[in-house]
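Observations on the model geometry
The lines below spell out each chain.
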Amino acid sequence: MSRRPASITFAMLDESGHLNPTFKLARALASRGHRVGYLVGAEAQRTVEAQGFESEALLPELHERGALARERGRSTFARRRVITRRFGRALERLEREPEGLLPARPDLLLIDVTLPHVALWAKRTGQRFAYVNTSLPQTHDPGVPPLRSGRMMRPGVSSALGAELDWARFLVRRRVR
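Here the structure is a predicted model, which means the values were calculated and not measured.

The next point concerns the packing of helix α4 (residues 76-96) against helix α5 (residues 116-125). Put simply, α4 and α5 touch, their axes get as near as 9 Å, and they point 20° apart. In terms of orientation, α4 lies roughly parallel with respect to α5. Two packed elements cross with a definite hand, and for α4 against α5 that hand is right-handed. Every residue of α5 that contacts α4 at Phe87, Ala90, Leu91, Leu94 and Glu95 is listed here: Pro116, His117, Leu120, Trp121 and Arg124. Partitioned by chemical class, the residues of the contact of α4 with α5 number seven nonpolar, one polar and two charged.

Here it is as structure tokens:
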């Protein structure tokens, strides 16, 4: 039994570290006959289209061209305030105009974990979605060793305890440095 091709849209942050890892998956999906597109800010539309995919503007008034470059020179606190305000404005707009984000609904929306306002919109409107994380975790996760430990996880308590020991060593070294 063959399945019909799906329409799949990636909603991604406008940064190369978030976009580039998705292109291989997007090409693989497209090679299987799925219609793949992107929902991105103005900064990323040319990049996405150069990879051969269609793109739609993600809340253009909130993700205008040049916004990321302006934020790079600010302190971490100032950048977080700007981002928090942007998310607040995005949620307000999505509350007022729920159909304005994606007039043509895809079968599946793959949402960057850094875009919680898009996930909240998807949940509220019944849009099928899944989170996409293009980074490996760098914070303590019980039962998962630190990235630099080289430990291969295996089923069982001894492997989980070994991962915890690796985390303890990692955190001590980090504090000492």
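There is more to say after this.
Before going further, it helps to examine a nonpolar patch on the surface. The grouping of Val113, Phe129 and Tyr131 at the surface amounts to a nonpolar patch, some 250 Å² of accessible area in total. Its location among the elements puts valine 113 in the loop between β4 (108-112) and α5. For valine 113, a relative accessible area of 35% corresponds to the partly exposed category.

Procedures and definitions
- Counting restarts for each chain: residues are numbered from 1 in the order of the written sequence.
- Residues qualify for local features only when their pLDDT is at least 70, as the model is predicted, and side-chain atom pairs are given and counted only at 80 or more; totals for whole chains, interfaces and linings, by contrast, use all residues.
- Hydrogen atoms and water are omitted, and side-chain values are computed over all heavy atoms in the structure.
- Helix axes are fitted only over the stretch in contact, all axes being lines through C-alpha atoms; the angle between N-to-C directions runs from 0 to 180 degrees.
- Elements are defined by DSSP. Helices are runs of H or I of four residues or more, strands are runs of E of two residues or more, and each kind is numbered from the N terminus.
- Roughly parallel here means an angle under 35 degrees, roughly antiparallel means over 145, roughly perpendicular means 65 to 115, and every remaining angle is called oblique.
- Helix crossings get a hand from a simple test, with the near helix turned counterclockwise from the far one by less than a right angle marking a left-handed crossing and a clockwise turn marking a right-handed one.
- Should any heavy atoms of two residues lie within 4.5 Å, those residues are counted as being in contact.
- Amino acids are sorted into nonpolar (Ala, Val, Leu, Ile, Met, Phe, Trp, Tyr, Cys and Pro), charged (Asp, Glu, Lys and Arg) and polar (every other residue, Gly among them).
- Patches here are clusters of residues that have more than 30% relative accessible area and form no salt bridge, with a 9 Å joining cutoff for like charges and a 5 Å cutoff for nonpolar side chains (Val, Leu, Ile, Met, Phe, Trp, Tyr).
- We get accessible surface area from the Shrake-Rupley algorithm with a probe of 1.4 Å; when it comes to residues, only the shown protein chains can shield them.
- When a carboxyl oxygen of Asp or Glu is within 4 Å of a side-chain nitrogen of Lys or Arg, the pair counts as a salt bridge.
- The buried label goes to any residue with under 20% of its type's maximum accessible area, the exposed label to any with over 50%, and the partly exposed label to all in between, with areas taken from a 1.4 Å probe on protein chains only.

Geometric values such as these leave the question of function open.
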